[in-house]
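# Survey of secondary and tertiary structure
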Amino acid sequence: MKTITKLVIGLLLVLIMVIGWWLISPLFLDQTVDEGLPPVSTDTVDMTEDPEAVAPDAEDETMDTETLGLSGMFMDGEKNYQTSGTIQTINADDGLYLRFEEFQTTNGPDLFVYLIQPGTETTEGISLGALKGNTGNQNYLVPEDVDLTQYSTVVIWCRAFDADFGFGELKQ
């Protein structure tokens, strides 16, 4: 065999090994994240004051979803992908966050967090970015123009295999 042929075969084998490792290694390796809560304002109400003075008016039914707090539980996705944990909204200084707590999912390559409207395809939703880790507490900033009453489903999606690893419904 010529030297060039050996070199091409060697490079192809290395490329196949690298791609194989990228696809298979997440099944054996966990990536743990433990983020703290997003930064919230220190302007809190002193509970020793008159509690009636800080209670919301019964007439004020126009309270937005950020102040009401949405939450949900993760459920398993397609095939044998297992996902568990809780989701909640956190109103922080720099915006609204989705917080995953006690989160755990089957690891995979190319995992992303999406917000979708119920009944739509994941790719039609809003990407919140790559999944930070397949286990642990983590925060994802929600874009300001997103209405969580419309985009109420959180999906862990694998772009490489076009598969939903898990999902959760946000409810009041």
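Residues numbered from 1 in each chain as written. Predicted model: local features only at pLDDT ≥ 70, side-chain atom pairs only at ≥ 80, totals over all residues. Heavy atoms only, no water.

### Digging into the overall build of the chain
When helices and strands are tallied, the chain shows 3 helices and 9 strands. Ordered by position in the sequence, the α and β elements of the chain form the string α-β-α-α-β-β-β-β-β-β-β-β. In the chain, which comprises 172 residues, the share counted as buried stands at 34%. Sequence-distant contacts, at least 24 apart, represent 64% of the contacts inside the chain between residues at least 6 apart. Surface accessibility of the chain: about 11100 Å² in total, with carbon and sulfur atoms responsible for 55%. (Helix = DSSP H or I, 4+ residues; strand = E, 2+ residues; numbered from the N terminus. Buried < 20%, exposed > 50% of the residue type's maximum accessible area, 1.4 Å probe, protein only. Contact = heavy atoms within 4.5 Å. Areas by Shrake-Rupley, 256 points an atom, 1.4 Å probe, with all protein chains shown as cover.)

### Focus: the sheet that holds strand β2 (residues 71-76)
Strand order in the open sheet formed by 9 strands is β1-β7-β4-β3-β2-β9-β8-β5-β6, with mixed pairing between adjacent strands. Both edges of this open sheet fall to β1 (32-34) and β6 (126-130), since each of them pairs with a single strand only. Ignoring strand direction, the axes of neighbouring strands in this sheet form an average angle of 30 degrees. Relative to strand β8 (residues 153-158), strand β5 (residues 111-116) runs antiparallel, the two being bridged by 6 bridges. Looking across to β8, one finds that Val113 is bridged to Ile156. (Pairing = 2+ DSSP bridges. Axes fitted to C-alpha atoms, helices over the stretch in contact; angles between N-to-C directions.)

### A closer look at the pattern of salt bridges
Applying the stated criterion to the full structure yields 3 salt bridges. Note that Lys132 and Glu35 form a salt bridge whose closest N and O atoms lie 3.1 Å from each other. Linking Lys132 in the loop between β6 and β7 (135-142) with Glu35 in the loop between β1 and α2 (51-54), this pair joins segments that are 97 residues apart in sequence. With a closest N to O distance of 2.9 Å, Arg99 and Glu101 form a salt bridge. (Salt bridge = Lys/Arg side-chain N within 4 Å of Asp/Glu carboxyl O.)

### Digging into a negative patch on the surface
A cluster of acidic residues, Glu78, Glu121, Glu124 and Asp162, forms a negative patch at the surface. Here Glu78 lies in the loop between β2 and β3 (83-92). (Patch = residues over 30% accessible without salt bridge, like charges linked within 9 Å, V, L, I, M, F, W, Y side chains within 5 Å. Lys, Arg positive; Asp, Glu negative; His and termini not counted. Charge placed at Lys NZ, Arg CZ, Asp CG, Glu CD.)

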